[in-house]
Amino acid sequence: MAEETLHLGQTLHFEADPFAAGPSAARHDSAGAILVAGGRIRALGSAASLRAAHPRARVVDHGQALLTAGFVDAHVHYPQTRIIASWGKRLIDWLNSYTFPEEMRLADPAYARAVAEDYLDLVLAQGTTTVCSYATIHPGSVDAIFEAAEARGMRVLAGKTCMDRNAPEGLRDTAQSAYDDSKALLDRWHGCGRASYVITPRFSPTSTPEQLSALGALWAEHPDCLMQTHLSEQLDEITWVRSLFPQARDYLDTYEAHGLLGPNGLYGHAIHLDPREIDRLSEVGAALVHCPTSNSFIGSGLFDMAGLTARGLRVGLATDTGGGSSFSMLRTMAAAYEIGQLRGTPLHASQLIWLATRGSARALRLDDRIGNLAPGMEADFIALDLASTPAIAQRAARAEDIWEALFATIMMGDDRAIAGTWVAGQRTSPAAS
Ligand code: GUN
Ligand code: ZN
């Protein structure tokens, strides 16, 4: 039998969706424990009961730290790691000035490998255990992120970013090569260990209708795969889409007309949606991804979390590295809170932490494996120090319940709050132990 390890600390897990059930959807135990063996969570309960039931388990005591599921970042561009926090541009200029020149550099597999490794180490230190990433058009950039993830034991989703127009020479494929390369990568990686391949047309402006159709055909052949793209992020982008696709009813229709709308579709940003688009997204059961630091950093707009979750849409939370201005899902939760405030609908701490864990896992259709502490789930979890800086500690000392304490760390915390990160039961950050 695999060695059992009993992690003691405060524990937080979800039994329901806090957007539907309120904060009571979460369960907090101030003297809890999780039993881990063979990379999975075997039991969750009180420290006293699990100690008694598993007297031979190795015990790791995390004191007052809060044990919770590792963060799941549902939309990132790992190739943009080196250009995060680039100044002063809005979406289209930002892509042309900073993003495309950097993505060009990942033609070099050694560079792609170095960026992928740095990126995953950075996010593990921030408590993120799963990411869903865009790569670049280069197949080697997909191998790089999956190989780096495999070396760290991480569950990672990624795909080759396809573009056959409105991108510079050297960063364009074709309809046929996008299909062929994506198919070969899907065959190589999808379901290999903890890897999932995601079919990835960047967005309608950088794909011809032929390329969108080719990727729609690939998705129809592999409907269990996710498909990720961008939707209605900025008003200028929407105007451009309208001119490129004069027949389309709206932005979403440019995807639907080419077989790229479905229940396993992940639509990033989704800020400026028409009522028809919201109706269609909810009819087909698609998922949206909220990227709040990116939406303010690039000046995109205010995502309607309250309205869209009320329509029953699945919503994930994401940094959108490097359009987003942070690798941290804590910072991303804080930004989601602030955007909720600007819309008059503040999110509760239980909703914020749910979005960063189980909500994102559900958007990625992985909520049966990751994103929660529960028996049978993969043991991807973190220990959060709720008093990681003097400023946070003095606020947490005044907290009257776990939500007040956690909210201070959500709003003011950074990687110093991540006391440890475990992937499939193995400690990856700050150091293996
Ligand atoms: N739309 C198309 N590509 C991108 C990208 O790389 N980042 C963001 N934020 N939006 C995009
Ligand atoms: Zn993006």
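Everything quoted here is computed from the prediction, not taken from an experiment.

1. A look at the sheet that holds strand β4 (residues 58–69)
Reasoning step 1: Strand order in the open sheet formed by seven strands is β3-β2-β1-β4-β14-β15-β16, with mixed pairing between adjacent strands. The strands lining the two open edges of the sheet, one partner per strand, are β3 (40–46) and β16 (426–429). On average, each strand axis in the sheet is inclined to that of its neighbour by 40 degrees, with strand direction left out of account.
Reasoning step 2: Inspection of the sheet shows strand β1 (residues 4–14) paired to β4 by six bridges, in the parallel sense. Pairing of T5 across the sheet is with R58, part of β4.
Reasoning step 3: Sheet strands in contact with helix α14 (residues 349–363) are β1 and β4, and its direction is about 130 degrees off that of β1.

2. Side note on the pattern of salt bridges
Reasoning step 1: By the definition in use, this model includes 22 salt bridges.
Reasoning step 2: Here D414 makes a salt bridge to R416, at a shortest N to O gap of 2.6 Å.
Reasoning step 3: A relative accessible area of 23% means that D414 is categorised as partly exposed.
Reasoning step 4: R416 gets classed as exposed once you look at its relative accessible area, which sits at 54%.
Reasoning step 5: Each of the salt bridges in this network shares a partner with another, and the network as a whole consists of R155, R194, E378 and D380.

3. Digging into the site of ligand 1
Reasoning step 1: Around ligand 1, 13 residues are found, and the nearest of them are H77, Q80, R202, E233 and D320.
Reasoning step 2: The separation between an oxygen atom of ligand 1 and a polar side-chain atom of Q80 is 2.9 Å.
Reasoning step 3: The separation between a nitrogen atom of ligand 1 and a polar side-chain atom of D320 is 2.7 Å.
Reasoning step 4: In isolation ligand 1 offers 280 Å² of accessible surface; the protein chains occlude 100% of this area.
Reasoning step 5: Looking at the shell around ligand 1, the element that brings in the most residues is helix α3 (residues 91–105), giving three residues.

4. Observations regarding the environment of H269
Reasoning step 1: Within the secondary structure, H269 sits in strand β11 (residues 265–269).
Reasoning step 2: Residue H269 is classed as buried on the basis of its relative accessible area, which comes to 0%.
Reasoning step 3: When the C-alpha atoms of H269 and Q234 are compared, they prove to be 9.0 Å apart, with 35 residues separating the residues in sequence.
Reasoning step 4: Every residue in contact with H269, bar those within four places of it in the chain, is listed here: H75, H230, L231, E233, V289, C291, S294, N295, F303 and D320.
Reasoning step 5: For H269, the side chain forms a polar contact with the side chain of E233, separated by 3.5 Å.
Reasoning step 6: For H269, the side chain forms a polar contact with the side chain of D320, separated by 3.3 Å.

5. A look at the packing of aromatic side chains
Reasoning step 1: Tallied over the entire structure, the rule returns eight aromatic pairs.
Reasoning step 2: Aromatic side chains F381 and W422 sit 4.9 Å apart centroid to centroid with 0 degrees between the ring planes, which places their arrangement in the stacked category. In this pair, F381 sits in strand β14 (residues 381–384) while W422 sits in strand β15 (residues 418–423), placing the two residues 41 residues apart along the sequence. The burial state of F381 is the same as that of W422; both residues are buried.
Reasoning step 3: An aromatic cluster of at least three residues, connected via ring pairs, comprises Y78, Y119 and F327.
Reasoning step 4: Across the ring face of Y111, the terminal group of R105 is positioned such that the distance to the ring centre comes to 4.5 Å.
Reasoning step 5: It is R188 that lies over the ring of W189; its NZ or CZ is 3.8 Å from the centre.

6. A closer look at the UniProt feature "domain: Amidohydrolase-related" (unreviewed entry) in the protein chain
Reasoning step 1: In this numbering, the UniProt entry assigns the feature "domain: Amidohydrolase-related" (unreviewed entry) to residues 67–426.
Reasoning step 2: The span residues 67–426 is 44% helical and 17% strand by assignment, and the distance between its end C-alpha atoms comes to 14 Å.

7. Thoughts on the pairing of β11
Two faces belong to every sheet, and in a regular strand the side chains alternate between them.
Reasoning step 1: β11 sits mainly inside the fold: five of its five residues count as buried.
Reasoning step 2: One ladder, built from five bridges, connects strand β10 (residues 226–231) with β11; its direction is parallel. By the bridge assignment, Q228 is partnered in β11 with L266.
Reasoning step 3: As paired elements, β11 and strand β12 (residues 287–290) share three bridges and run parallel to each other. Looking at β12, one finds that L266 is bridged to A287.
Reasoning step 4: For the segment spanning β11, helix α10 (residues 275–284) and β12, crossover handedness is right-handed.

8. Regarding the coordination of the zinc ion (ligand 2)
Reasoning step 1: In the first shell of the zinc ion (ligand 2), the protein supplies H75 (NE2), H77 (NE2), H230 (NE2) and D320 (OD), at 2.0 to 2.7 Å from the metal.
Reasoning step 2: Of note is the zinc ion (ligand 2), whose four donor atoms meet at the metal with angles of 88 to 159 degrees in an arrangement that counts as irregular.
Reasoning step 3: All donors of the zinc ion (ligand 2) belong to a single chain; written as a sequence motif, their spacing is H-x1-H-x152-H-x89-D. Separated by 245 residues along the polypeptide, H75 in strand β5 (residues 71–77) and D320 in the loop between β13 (314–317) and α13 (329–342) bring together distant segments of the chain.
Reasoning step 4: On the accessibility criterion, D320 (3% relative accessible area) is buried.

9. Some thoughts on helix α8 (residues 235–244)
Reasoning step 1: Every buried residue of α8 is accounted for by E237, I238 and V241. Down the axis of α8, the buried side of the element spans an arc of 100 degrees, and every buried residue falls inside it. Those residues of α8 that are exposed and aimed more than 90 degrees away from the buried face are L235, D236, R242 and S243.
Reasoning step 2: Those residues of α8 hidden inside the fold are in contact with α3 and α9 (251–256).

How each quantity is defined
- Within each chain, residues carry numbers counting from 1 in the order of the written sequence.
- Numbering of ligands from 1 and lettering of chains from A proceed in the order in which they are written.
- Where totals are concerned, whole chains, interfaces and linings use all residues; where local detail is concerned, this predicted model gives features only for residues with pLDDT of at least 70, and gives and counts side-chain atom pairs only at 80 or more.
- Hydrogens and waters are ignored; side-chain quantities use all the structure's heavy atoms.
- Two strands make a pair as long as DSSP finds a minimum of two bridges between them.
- Secondary structure elements follow DSSP: runs of H or I no shorter than four residues count as helices, runs of E no shorter than two count as strands, and numbering proceeds from the N terminus.
- The axes are straight lines fitted to the C-alpha atoms, using for helices just the contacting stretch, and the angles between their N-to-C directions are given from 0 to 180°.
- The contact criterion used is simple: two residues touch if any of their non-hydrogen atoms lie within 4.5 Å.
- Whenever a carboxyl oxygen of Asp or Glu lies within 4 Å of a side-chain nitrogen of Lys or Arg, that contact is scored as a salt bridge.
- Exposure classes here rest on a 1.4 Å probe applied to the protein chains alone. A residue is buried below 20% of its type maximum, exposed above 50%, and partly exposed in between.
- Any residue with a heavy atom positioned within 4 Å of a molecule or strand is treated as near that molecule or strand.
- Whenever a nitrogen or oxygen atom comes within 3.5 Å of another N or O atom, the pair is scored as a polar contact, on the condition that within protein one atom can donate a hydrogen and the other can accept it, and that pairs from neighbouring residues in sequence are kept only if both atoms are in side chains.
- Reported accessibility uses the Shrake-Rupley method at a 1.4 Å probe radius. Residues are deemed covered only where the shown protein chains occlude them.
- When two rings of Phe, Tyr or Trp (its six-membered ring) have centres within 6.5 Å they constitute a pair, described as stacked for plane angles under 30 degrees, edge-to-face for angles over 60, and tilted for the intermediate range.
- Sitting over a ring, as applied to charges here, requires NZ of Lys or CZ of Arg to be within 6 Å of the ring centre and within 35 degrees of the ring normal.
- UniProt positions are given in the numbering used here, feature names are shortened, and annotations may be inferred rather than shown by experiment.
- Crossovers are described as right-handed under a simple rule: with the strands pointing away from the observer, the path leading from the first strand over the helix to the second runs clockwise.
- Because water is not among the atoms used, a metal site may look incomplete, as its donors are only the N, O and S atoms within 2.8 Å, or 3.2 Å for Na, K and Ca.
- All geometry calls rest on donor angles, where a four-donor set with angles between 85 and 135 degrees is tetrahedral, four- and six-donor sets with opposite donors more than 155 degrees apart and all others between 65 and 115 are square planar and octahedral, and all else is irregular.
- Here the arc refers to the set of directions running from the helix axis out to each C-beta atom.

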